Amino acid sequence: MRLGIVGAGKMGNEIAGVARARGHDVVWSLASGDNREGQGLSPDRLALADAVFEFTAPGAAVGNLLLLAAAGSRVVCGTTGWAEELPRVAEAFRSGGGALVHATNFSIGMRHFLEVARAAAGLFPRAGYSSYLVEEHHAAKRDAPSGTARTLSAVIEKESGERPSVVSVRAGTVPGLHRLVFESPEDEVELIHRARGRAGFAKGAVWAAERIAGKSGVFEFGELLSADLSGTGGARTP
Ligand SMILES: NC(=O)c1ccc[n+]([C@@H]2O[C@H](COP(=O)([O-])OP(=O)(O)OC[C@H]3O[C@@H](n4cnc5c(N)ncnc54)[C@H](OP(=O)(O)O)[C@@H]3O)[C@@H](O)[C@H]2O)c1
């Protein structure tokens, strides 16, 4: 596939490496200086790419996504911190005829962690346990709590009726840690997901781009993954 990248930062570079290793061509990659007021997303440039990755910053994502939607592009967006705008962005993709895959976390390990958290939230609170979340990320991360912590928190609230409190730590170079704790006066149970780097996110994002080739519509990463795992002969490891 021919791939474009909006956001030539840490994730953009990781995705470029994974994509090339899987035999794809990265035909363009834009940093913020290449894309003032969205001018980097010209029709000529967008026509060169079969799929586009959007990994920028909370304040930039929605503007970029609306331009990509209007052009009918196929897009994998991992930028966090814009969830309240999802309905508007999704509608733009549906009317533009393109495709959008979005997720606050493209790692398959975190995807399964969410399922484990859902199951735990159906057990512990009923037995009188309360819950809280601690998330740690590198000092340059702009949003807090992380998009993943918000997703985890929503899953737990939906399952148990109780929203866990969330503590965010921003320090050093931590690629991403989420710790979910259920505690009672007698004991505590901890579930931890610790990213070892950005490769897991990049692999999931490239896998998602491969899965939406020829498709239109709006998908959350987990939906694509569930469909793949329940199908026959699908790739089990993004
Ligand atoms: N879903 C997931 O699995 C996942 C995993 C990790 C991170 N993330 C999220 O992905 C986003 C990027 O993370 P990162 O660690 O790669 O951050 P980063 O290293 O700061 O990279 C962001 C890049 O986007 C560029 N940028 C900002 N506005 C832009 C615009 N309007 N057009 C084009 N490029 C623009 C920045 O350029 P300048 O440096 O010139 O400003 C920078 O190169 C964050 O929201 C983060 O939370 C998601």
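Residues numbered from 1 in each chain as written. Predicted model: local features only at pLDDT ≥ 70, side-chain atom pairs only at ≥ 80, totals over all residues. Heavy atoms only, no water.

### What to know about the sheet that holds strand β6 (residues 130-137)
By definition, the strands of a sheet pair up through backbone hydrogen bonds, in either a parallel or an antiparallel sense.
Link 1 in the chain: Read from one edge to the other, the open sheet built from four strands follows the order β7-β6-β8-β9, with strand pairing classed as mixed. Edge positions in the open sheet fall to β7 (165-170) and β9 (188-194), since each of these has one partner strand only. Within the sheet, the average angular offset between the axes of one strand and its neighbour, ignoring direction, is 15°.
Link 2 in the chain: Bridging between strand β8 (residues 177-183) and β9 involves seven bridges; their strand directions are antiparallel. Across the sheet, the residue bridging to V181 is E190, located in β9.
Link 3 in the chain: On the sheet, helix α5 (residues 108-121) packs against β8 and β9 and is oriented at approximately 165° with respect to β9.
Link 4 in the chain: Against the sheet, helix α6 (residues 147-160) touches β6, β7 and β8, its axis set at about 165° to β6. (Pairing = 2+ DSSP bridges. Helix = DSSP H or I, 4+ residues; strand = E, 2+ residues; numbered from the N terminus. Axes fitted to C-alpha atoms, helices over the stretch in contact; angles between N-to-C directions. Contact = heavy atoms within 4.5 Å.)

### A word on the packing of helix α3 (residues 58-70) against helix α4 (residues 86-96)
Link 1 in the chain: Between α3 and α4, the shortest axis-to-axis distance is 8 Å and the interhelical angle comes to 15°. The orientation of α3 relative to α4 falls into the category roughly parallel. In the crossing of α3 with α4, the sense of the turn from one axis to the other is left-handed. Across the interface between the two elements, V62, L65, L66, L68 and A69 from α3 touch R88, V89, A92, F93 and G96 from α4.
Link 2 in the chain: Looking at the contact of α3 with α4 residue by residue, the classes come out as eight nonpolar, one polar and one charged. (Parallel < 35°, antiparallel > 145°, perpendicular 65-115°, else oblique. Left-handed = near helix turned anticlockwise from the far one by under 90°. Nonpolar A, V, L, I, M, F, W, Y, C, P; charged D, E, K, R; others polar.)

### Some words on the sheet that holds strand β2 (residues 25-30)
Link 1 in the chain: On the basis of which strands lie adjacent, the open sheet formed by six strands has the order β2-β1-β3-β4-β5-β10 and parallel pairing. Every other strand in the sheet has two partners, leaving β2 and β10 (217-220) as the edge strands with one partner each. When the angles between neighbouring strand axes are averaged without regard to direction, this sheet yields 20°.
Link 2 in the chain: Contacts between α4 and the sheet are confined to β4 (74-77), β5 (99-102) and β10, with β5 contributing the most and set at about 150° to the helix.

### Focus on the environment of I15
Link 1 in the chain: Of note, I15 is situated in helix α1 (residues 10-21).
Link 2 in the chain: When its relative accessible area of 0% is taken as the criterion, I15 is described as buried.
Link 3 in the chain: In this structure the C-alpha to C-alpha distance between I15 and G204, which are 189 residues apart in sequence, comes to 9.4 Å.
Link 4 in the chain: Setting aside residues up to four positions removed in sequence, I15 forms contacts with I5, F53, F55, A202, A205 and V206. (Buried < 20%, exposed > 50% of the residue type's maximum accessible area, 1.4 Å probe, protein only.)

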